[in-house]
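Topology and contacts: notes
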Amino acid sequence: MFRNISLFLLSIFACTACTSPSSVHDLRCENLIDPLSIDSDLPRLSWKNQFSKGEKQTAYQLLAATDSKLLQENKADLWNSGKVASQTSVMVNYAGKPLNKRTLVYWKVRVWKTGDEPSAWSSVACFGTSLTDAELQAAAYIGFPKDAGNPQSPFMCRQFDWDGNGRALLYVNSLGNHEVYLNGVKVGDQVLAPAMSQFNKRSLYLTYDVTPYLTKGGNDLLIWLGRGWYVPGLPGVVYEGPLVKARLDAWQQGTWRSLVLTDENWKTVESAYSGLGNGKPHHFGGEWMDASMLPDDMTTPSLDRLNWISAAKIEVPAHAVSPQMTECNRITETIKAQNIKKINDSTYLVDMGTTLTGWATIQFPPLQKGQKIRLKYGDHFGANGELNNMGHEDIYIASGKKNETFYSKFNYHSFQYITISNLQIQPKTDAITGSRIQTGYEQTSSFQCSDADLNAIHDIVRNALRNLSLGGYLVDCSHIERLGYGGDGNASTETAQTMFDLSPLYANWMQAWADCIREDGGMPHTAPNPYSAGGGPYWCGFIITASWRTYVNYNDSRLLERYYPQMQQWLGYVDKYSVDGLLKPWPETNYRGWYLGDWACPTGVDQTNPLSIDVVNNSFICVCYEKMEKIAKLLGKEADAIKYAEIAKQWRLRVQENFYSTETGIYATGSQIDLVFPMLAGVTPKSLLPKVTENLFVETEQNRKGHIACGLVGIPVITEWAVKNHQPDWIYSMLKKRDYPGYLYMIDNGATSTWEHWNGERSRIHNCYNGIGSWFYQAVGGIRPDENEAGYRKIWIDPQIPTGVTWAKTSKNTPYGEVALDWTLNDSILTMDLTVPSGSTAYVILPEKIAEYTLDAKTLPKEGATVAIEGGKYRLEFNIK
């Protein structure tokens, strides 16, 4: 069977084809690789080019067809673009024949470059359009019957015949998590699928190509369900256990033939797993695994020995059902336990050596049948010496057989430590591993410099974000709340999108925000929004700022196009609660609590001061209107752009008038965020910028002893301001402080991820303070995108070198390819090794005091503030004495 799968995946059905080597590679549809169901009939297609130094794409030709065999210029039955004069290779609009629902489209591309020389054709890629509503409704939601018990992880099974013809696709829409098995083999490498959604508004379906798993004749299809977030009491949850709707169809002779639909003819049985905890914040619990109930494997003989009963057909309220448009969760790293310490005769403490989010796998020494092993997970130890467990535990009931192993299935934990109790024999270190789980995005960046402290800070930020990005969104903390807070998202978006390729993840997340808006324009503080959570305007306006940053970083404008109405609606809500032209606290609701300015500030900073709250929130509203002006221009809505520009102008004037003191030269309370946010938002008149900046430095050095003195909102605000205003030494000096509060204080106290609070309270895997991460790439690394030519088509190269740092190596994989800058400062000689991707232009900002510089060993006079460099590898040298 496995051999057949391997051979099949090399065949034409795997969306690949053998061609001569091409400079065109990494073909994507909607930023996904070969998606089998997309939510658009007018998709955008992208590719990367690899050319010789200085060469550019000048034209492209796209072919699209219903069969890969038709991908020839005179046979492509969907689209032959012909030679299109264009340098565009990112988000090219499909312009072929209208696509019907459930169409599989095969496509390839070739390009022309400087000199009118065509490339070889790319390999073949594919995408599929979505199901029709009728096709979705033909299948029923099924689950385990209420009168037979309440298992939270049941098997659902159906046998069917296949004649061996056609490509077979399985569509699975589960309310809760699922895994798919065909003829005893797990389909795909997805785990904890699907991504998150707002169940009372939307659920997602996944599409699997199951052709290589089928056999001619009889087949067994098993869908294993887990509750995930589908727990009673949350919006849209109508059943006590997980549910699934699925259909399996084969493409035969130009039409789809149904092989299987979910209905009451399916069989179900309780599995070895059940849930612990109630599946809600602070009580996510874990899993109970009774090993005596495990089948030997998933093959037909083993499954036939189980006590199957008929599945129940369940009515579910109408809601949107759409294809998942982000990658699935996957295991991205396996981490071996670093140390095991014996606590007493039957309890052991396991240290994984780092924090991770995911699963633990433990191979036990011999156990007695019925022996109950308890596993508790935590990210640190409290002052009392107790593990900070937050209710996370698993229980394993032994079967008494050889080689017993515990592994998680439909829950996960965030942890560094595990206590194993009621185990008389110490397990071996190599018998315990952790599986890190993330949304399956690409990790697209690297940073390292001469300062070990900066490297360590960068690494804990990166590790934190990896631990917080599963389920198609970014959560605040993955073990206490697991909520997609907009404030935490705003705080980390620029960092996360710089470090990782998150365009699909943000597509899924922004869809949830749009689904969660209320009729009056009110926004929650989290999306999905299962219940009320705390925050403020900085949380609610995330749909504006995150959609804009996604466009800037990936040249992906669809979020702006789709959710512009919701952005406008929310700004109408802001206007409703504005008094004399300034936003004031709005009422708490049953879906949203609190009215914050900054949050999680260090001791001594009064984040509750009404003046600070008002200046922070109204500065943010200025930013939102500024972004809306840009969005409206991009969408061709000129009247809106003029309107938003005027509103932003007047709002800035009112913030300046109401919160600035001409006597002291400070805003509001004079805290770091109160001083910086008005400057960043364009409130501060140019004539006052030097004075406010000087007061900022005085506040930092004299009142805060040179430390960071802000929280979740303040960190990204001061970071962005420092990058835009070339203040690397100010940030660097704060980062180098080893005592409280600071990142090195975290690291010196054992941190491998950033914390929720500067003093280490509650969570030590959190999204509060990750906004600093972009500084490593954009300031020290010297690589910044340009808003006017999005997706790094135009790149600014401008390393901001803190005193004492002598080299940095930075890279970022952009939509056009990798940009990398390796600079060294040796006495007064600054050397840059620069890689620019094909299709991008890098603008190197030349040092102010130089008269000349060398480019690839050729001495050139300085003629202007920048030098433009096309794709390729280059070396530049400057004498900056």
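Refer to the structure above for everything that follows.
Being a predicted model, the structure only gives us computed values, none of them experimental. (Residues numbered from 1 in each chain as written. Predicted model: local features only at pLDDT ≥ 70, side-chain atom pairs only at ≥ 80, totals over all residues. Heavy atoms only, no water.)

Turning our attention to the overall build of the chain. On a plain count of helices and strands, the chain comes out with 17 helices and 49 strands. The C-alpha atoms of the chain give a radius of gyration of 28 Å, which matches the 29 Å a tight globule of 881 residues would have. Across its three principal directions, the C-alpha atoms of the chain cover 80 × 75 × 55 Å. For the chain, the proportion of contacts with a sequence separation of at least 24, taken over those separated by at least 6, is 74%. Here the chain displays about 32600 Å² of accessible surface, and carbon together with sulfur accounts for 48% of that area. Charged side chains of the chain number 82 positive and 92 negative; the gap between the two group centres comes to 3 Å. (Helix = DSSP H or I, 4+ residues; strand = E, 2+ residues; numbered from the N terminus. Rg over C-alpha atoms; globule rule 2.2 N^0.38 Å. Contact = heavy atoms within 4.5 Å. Areas by Shrake-Rupley, 256 points an atom, 1.4 Å probe, with all protein chains shown as cover. Lys, Arg positive; Asp, Glu negative; His and termini not counted. Charge placed at Lys NZ, Arg CZ, Asp CG, Glu CD.)

In this structure, proline 528 follows alanine 527 across a cis peptide bond, with omega equal to -5 degrees. Topologically, proline 528 is positioned in the loop between α6 (503-516) and α7 (537-540). Residue proline 741 follows tyrosine 740 across a cis peptide bond; omega there is -5 degrees. Among the structural elements, proline 741 can be located in the loop between α15 (728-735) and α16 (743-748). One non-glycine residue with positive phi stands out, namely glutamine 253, at about 50 degrees. Relative to the helices and strands, glutamine 253 is located in the loop between β17 (243-252) and β18 (255-261). One non-glycine residue, alanine 600, adopts positive backbone phi at about 60 degrees.

Counted under the stated rule, the structure contains 44 salt bridges. Residues glutamate 442 and arginine 28 are paired through a salt bridge, measuring 2.6 Å at the closest nitrogen-oxygen approach. Note that glutamate 442 is positioned in strand β33 (residues 442-443) and arginine 28 in strand β1 (residues 24-29), a separation of 414 residues in sequence. Residue glutamate 442 is classed as partly exposed on the basis of its relative accessible area, which comes to 32%. Aspartate 263 is the partner of arginine 158 in a salt bridge, and the nearest nitrogen-oxygen pair spans 3.9 Å. Placement of the pair is arginine 158 in strand β11 (residues 155-162) and aspartate 263 in the loop between β18 and β19 (267-269), with a sequence separation of 105 residues. (Salt bridge = Lys/Arg side-chain N within 4 Å of Asp/Glu carboxyl O. Buried < 20%, exposed > 50% of the residue type's maximum accessible area, 1.4 Å probe, protein only.)

Taken in spatial order, the 6 strands of this open sheet run β14-β13-β16-β11-β19-β22, and their pairing is antiparallel. Because the sheet does not close on itself, it has two edges, and the strands there are β14 (185-186) and β22 (309-310). Note: β11 against strand β16 (residues 217-226), 8 bridges, orientation antiparallel. Each bridged residue has a counterpart across the sheet, and for phenylalanine 155 the counterpart in β16 is tryptophan 224. (Pairing = 2+ DSSP bridges.)

Moving on to helix α8 (residues 542-554). Spacing of three or four residues puts side chains on the same side of an α-helix, whose turn is 3.6 residues. Here α8 contains 13 residues, and its C-alpha end-to-end distance of 17 Å stays within 8% of the 18 Å for a straight helix at 1.5 Å per residue. In terms of burial, α8 is a largely internal element, 13 of the 13 residues being buried. Directly beyond the C-terminal end of α8, a positive phi value near 55 degrees is found at asparagine 555. (Expected span 1.5 Å × (residues − 1).)

Attention shifts here to helix α14 (residues 714-724). Most of α14 is tucked away, with 9 of its 11 residues classed as buried. Listing the buried residues of α14 in full gives Gly714, Ile715, Pro716, Val717, Ile718, Thr719, Trp721, Ala722 and Val723. Positive backbone phi, at 50 degrees, marks histidine 726, one or two positions downstream of α14.

Right, let's get into the nonpolar core. Residues Trp570, Tyr743 and Trp775 are the most contacted members of the largest nonpolar core, which totals 161 residues. The dominant element in this core, judged by the number of residues it contributes, is helix α10 (residues 610-634), at 12 residues. Other than its neighbours up to four places away in sequence, tryptophan 570 contacts Ile517, Gly521, Met523, Pro537, Cys540, Gly541, Ile544, Trp586, Phe620, Ile621 and Cys624. Leu222, Ala291, Ile335 and Phe415 belong to the second largest nonpolar core, which has 34 residues in total. (Core = buried A, V, L, I, M, F, W, Y, C linked by side-chain atoms within 4.5 Å.)

At a closest axis distance of 10 Å, the pairing of helix α5 (residues 486-499) and α8 adopts a crossing angle of 5 degrees. In terms of orientation, α5 and α8 fall into the roughly parallel class. Taken together, the residues of α8 that come into contact with α5 (itself represented by Gly486, Gly489, Asn490, Thr493, Glu494 and Gln497) are Phe542, Thr545, Ala546, Arg549, Thr550, Asn553 and Tyr554. Tallied by class, residues from the contact of α5 with α8 come to 3 nonpolar, 8 polar and 2 charged. (Axes fitted to C-alpha atoms, helices over the stretch in contact; angles between N-to-C directions. Parallel < 35°, antiparallel > 145°, perpendicular 65-115°, else oblique. Nonpolar A, V, L, I, M, F, W, Y, C, P; charged D, E, K, R; others polar.)

Tallying each qualifying case throughout the model produces 44 aromatic pairs. Seen from their ring centres, tyrosine 660 and tyrosine 667 are 4.9 Å apart, and the 55 degrees between their planes marks the pair as tilted. Tyrosine 667 gets classed as buried once you look at its relative accessible area, which sits at 0%. Note that lysine 53 overlies the ring of tyrosine 874, its terminal NZ or CZ placed 4.4 Å from the centroid. One Lys or Arg, arginine 482, reaches over the ring of phenylalanine 284 and ends 4.2 Å from the middle of that ring. (Phe/Tyr/Trp six-rings, centres within 6.5 Å; stacked < 30°, edge-to-face > 60°. Lys NZ or Arg CZ within 6 Å of the ring centre and 35° of its normal.)

Moving on, we come to the pairing of strand β21 (residues 286-290). The element β21 is largely enclosed, with a buried count of 4 among its 5 residues. In this structure, strand β20 (residues 273-276) lies alongside β21, joined through 4 bridges in antiparallel fashion. Each bridged residue has a counterpart across the sheet, and for leucine 276 the counterpart in β21 is glycine 286. As judged from the 3 bridges shared by β21 and strand β29 (residues 393-397), these two strands associate in the parallel manner. Bridged to methionine 289 within β29 is tyrosine 396.

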